[in-house]
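# Report on the structure
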Amino acid sequence: MSSSNNHILYGGPDPDITDGEKSLGELVLNRCALYSDQIALIDGVTAEELKYSQLRQRSIQYARIMQEEGLKAGDVIGICSENRLDFPCVLFGAFCLGITVAPLNLTYSDSELHHSLNLSKPKYIFASPYVIEKVAHVVKKNAFVRKVVVFGEDNFSLKGIQCSKDFLESRRYPDGLPFYAKPINIKDTVALILCSSGTTGLPKGVQLTQYNILVAIAHIGLGVFSIDMPRKDMVILGIIPWFHAFGCLTLCGMSLSGIRMVLLPKFEEFLFLSCIENYKVTQMFLVPPLMVFLAKHPLVDTYDMSTVEEIICGAAPLSKEIEEAVSKRIGVVVKQGYGMSEMTLSTLLQTNLRKPGSVGNLRPGMWGKVIDPENGKILGPNQPGELCFKGSQNMKGYIGNDRATKETIDADGWLHTGDIGYFDDDEQFFIVDRLKELIKYKGYQVPPAEIEALLLTHPKIRDAAVVGLPDEAAGELPFAFVVKQPDVDLTDAEVIDFVAKKASPAKRLHGGVKFLEEIPKNPSGKILRRELRGKLKQMFKSKL
């Protein structure tokens, strides 16, 4: 990585993104043909396997039928489903036609789903049986949806819903009939509309182009994995939800690189660990809650995890204590990365140099700087400020929201992340916290993530989240929500005292402690602080 005298860092030139392909769809078909006889995907629940040749054939079938039913480049389809084999077939089929895909969060409430549909306005929605009734109900209010297809062989007698078996068999094509992906303008054509995390408000629709996705796929060969191993011998565990940016872009990158992926629809302790053991998983992409599980849960010691060589963690802050605990416990290389939906997966990643707690250095094709959030001044090494990035991974913009786009990407092309961090003398980046989530205590800026990391070192604490409790005198008081380990005794006073002994005065739990059964998080592992603030309002109505 190179840097200029004004403290703007550069990750180096972009990788070669294609071998002459004129679209993402053409790359999909060529890669699936290249790895034809290898296994692409395995359902970790049913053990069903899909070879690359089958993935190609099924993707083409979806593409042909969508095309014959009138869908074309520029149209949008939605996929509302847990991780399952149908998902990438529809996704890649759409890419072949230049159709935009909007992955929809299946955990959304009716109102959240309605909001996300009105961001992308899909003409077709493909949904899993798990969520079809909710989708069918919400679609009634949205006339722009022309068809709903439910994955599987039975449409559950829901009026107007077609099952995917009937959809795929609705037209027959001669064997050997050639199919070609459409050439398109890859820098302008939107491939994905992903919902932003919505941790501070309603999600926005992030538009990623085919070029963005091609760059992300090309990065798979550039130091993502530090373990020298042939692609055909790699086995990835796909547990991050594919409707989330981290999961969807990992799916694209891994399944188009000749790597085998074992997919899981959700996290279940025994299934998660048994899949690692049974399928001899070699690499995993995980989020911090799963790292905490690997660091602390007694079940982990009862399974053989010796094949796992490397874990890449992202989507939310991971403390160096948990990172080191996982590395030591199961004998793996742990690498952290940093990115946003708005920046197409990872903008920062630990590669050759790995410092505990660091999220690595800039990826190729990207520039980075740290600025003073008050006056915009560019800061030097070891000076915390707002992280800003520009380059080939930055989104096209928020769909239908020019104002939010301009608030996020300035006139010079810099994307303002809203995250506080810094880079050190080795140009390794460290995340401090979200700009909007910093607790303002008596003029001090207190990062919740720092207190959370400290709490997680307590052997009796399974999970924790910290927010600011409004206070007239101090501004905000750090307040902790804590999840205890099973069958342990732990009091508020013990927690408060534990932090007081290890943290500076501003970072102590002046607001108090509340024990919960579970910390609310979105599917990528980000703490839903607005829900916790809502709990505080209920608890302290008179004070607030």
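Treat the numbers as computed from the prediction; the structure is a model and nothing was measured.

### What to know about the nonpolar core
Side chains of nonpolar character tend, in soluble globular proteins, to be buried together. Counting 131 residues, the largest nonpolar core has Leu192, Met284 and Leu294 as its most contacted members. If one sorts the elements of this core by residue count, helix 3 (residues 86-97) sits on top with nine residues. With residues up to four places along the chain from it excluded, the contact list for Met284 reads Leu237, Phe272, Ile276, Leu294, Met305, Val308, Glu310, Ile311 and Ile312.

### Digging into empty space enclosed by the protein
As enumerated under the stated definition, the model contains three cavities of 30 Å³ or more in all. In this structure, the largest cavity encloses a volume near 330 Å³. Lining the largest cavity are 25 residues, and of these Phe246, Tyr338, Gly339, Leu345 and Ser346 sit closest to its centre. Of all elements in the fold, only helix 8 (245-255), strand 15 (310-313), strand 16 (333-340) and strand 17 (345-349) reach the threshold of two or more residues within the lining of the largest cavity. Its residues assigned to classes, the lining of the largest cavity comprises 14 nonpolar, 10 polar and one charged. There is about 40 Å³ of room inside the second largest cavity.

### Comments concerning the environment of Ile227
For Ile227, the position within the fold is in the loop between helix 7 (210-218) and strand 12 (235-238). Sequence separation between Ile227 and Val326 is 99 residues, and the spatial gap between their C-alpha atoms is 17 Å. Those residues in contact with Ile227 that lie beyond four places of it in its chain are Met234, Gln283, Glu309, Glu310 and Val333.

### Quick look at unusual backbone geometry
The phi dihedral of Asn382 falls on the positive side, at around 65°, and the residue is not glycine. Tracing the backbone through its elements, the reader meets Asn382 in the loop between strand 19 (366-371) and strand 20 (385-391). Even without a glycine there, the phi angle at Asp487 is positive, about 60°. Counting through the fold element by element, Asp487 comes out in the loop between strand 27 (475-484) and helix 14 (492-502). Given a relative accessible area of 82%, Asp487 falls into the exposed group.

### A word on the sheet that holds strand 17
Pairing is mixed in the open sheet, where nine strands are placed in the order 4-3-13-12-14-15-16-17-18. What marks the edges here is a single partner per strand, and that holds for strand 4 (49-51) and strand 18 (361-362). By the bridge criterion, four bridges tie strand 15 to strand 16 in an arrangement that is parallel. When the bridges of strand 16 are listed, Cys313 appears paired with Gln336.

### Points about the side chain of Gln336
Among the structural elements, Gln336 can be located in strand 16. A distance of 2.9 Å separates the side chain of Gln336 from the side chain of Glu323, its partner in a polar contact. Ignoring any residue separated from it by four or fewer positions in sequence, one finds Gln336 in contact with Cys313, Leu318, Glu323, Leu349, Gln350, Gly357, Ser358, Val359 and Gly360.

### As for the packing of helix 2 (residues 52-68) against helix 3
Contact geometry of helix 2 with helix 3 gives a least axis separation of 7 Å together with a crossing angle of 55°. By the angle class used here, helix 2 and helix 3 are oblique. Read as a crossing pair, helix 2 and helix 3 show a hand that is right-handed. Between helix 2 and helix 3, the contacting residues are Leu55, Arg58, Ser59, Tyr62, Ala63, Met66 and Gln67 on the first element and Asp86, Pro88, Cys89, Val90, Phe92, Gly93, Ala94, Cys96 and Leu97 on the second. Residues that form the contact of helix 2 with helix 3 fall into these classes: 11 nonpolar, three polar and two charged.

Parameters at a glance
- Throughout this description, residue numbers start from 1 for each chain and increase along the sequence as written.
- pLDDT decides what is reported in this predicted model: residues at 70 or higher carry local features, side-chain atom pairs at 80 or more are listed and counted, and totals for whole chains, interfaces and linings draw on all residues regardless.
- Side-chain numbers here rest on the full set of heavy atoms in the structure, without hydrogens or water.
- Only buried residues count toward a nonpolar core, which is a set of Ala, Val, Leu, Ile, Met, Phe, Trp, Tyr and Cys residues joined through side-chain atoms within 4.5 Å.
- Each residue's exposure class comes from its accessible area (1.4 Å probe, protein chains only) as a fraction of the maximum for that residue type: buried when under 20%, exposed when over 50%, partly exposed otherwise.
- In this description a helix means any DSSP run of H or I spanning at least four residues, a strand means any run of E spanning at least two, and both kinds are numbered starting from the N terminus.
- Contacts are assigned to residue pairs with any non-hydrogen atoms lying within 4.5 Å of each other.
- Grid spacing is 1 Å over the protein atoms alone, the probe is 1.4 Å, and a cavity is where that probe fits but cannot get out, while a pocket is an open set with protein on both sides within 12 Å along at least five of seven lines and lining residues have an atom within 4 Å of a point.
- Grid points are joined across faces, edges and corners, and a volume is the space filled by probe spheres set on the points.
- Under the scheme applied here, ten amino acids are nonpolar (Ala, Val, Leu, Ile, Met, Phe, Trp, Tyr, Cys and Pro), four are charged (Asp, Glu, Lys and Arg), and all others, including Gly, are polar.
- Pairing between two strands requires that DSSP report at least two bridges joining them.
- A 3.5 Å cut-off defines polar contacts: any pair of N or O atoms within that distance qualifies, except that in protein one atom must be a possible hydrogen donor and the other a possible acceptor, and neighbouring residues in sequence count only when both atoms are side-chain atoms.
- Here the axes come from fitting lines to C-alpha atoms, over the contacting stretch only for helices, and the angles between their N-to-C directions go from 0 to 180 degrees.
- Oblique is the label for any angle not under 35 degrees, not over 145, and not in the 65 to 115 range, which are roughly parallel, roughly antiparallel and roughly perpendicular in turn.
- Crossing handedness is read from the near helix: turned anticlockwise from the far helix by less than a right angle, it gives a left-handed crossing, and turned clockwise, a right-handed one.

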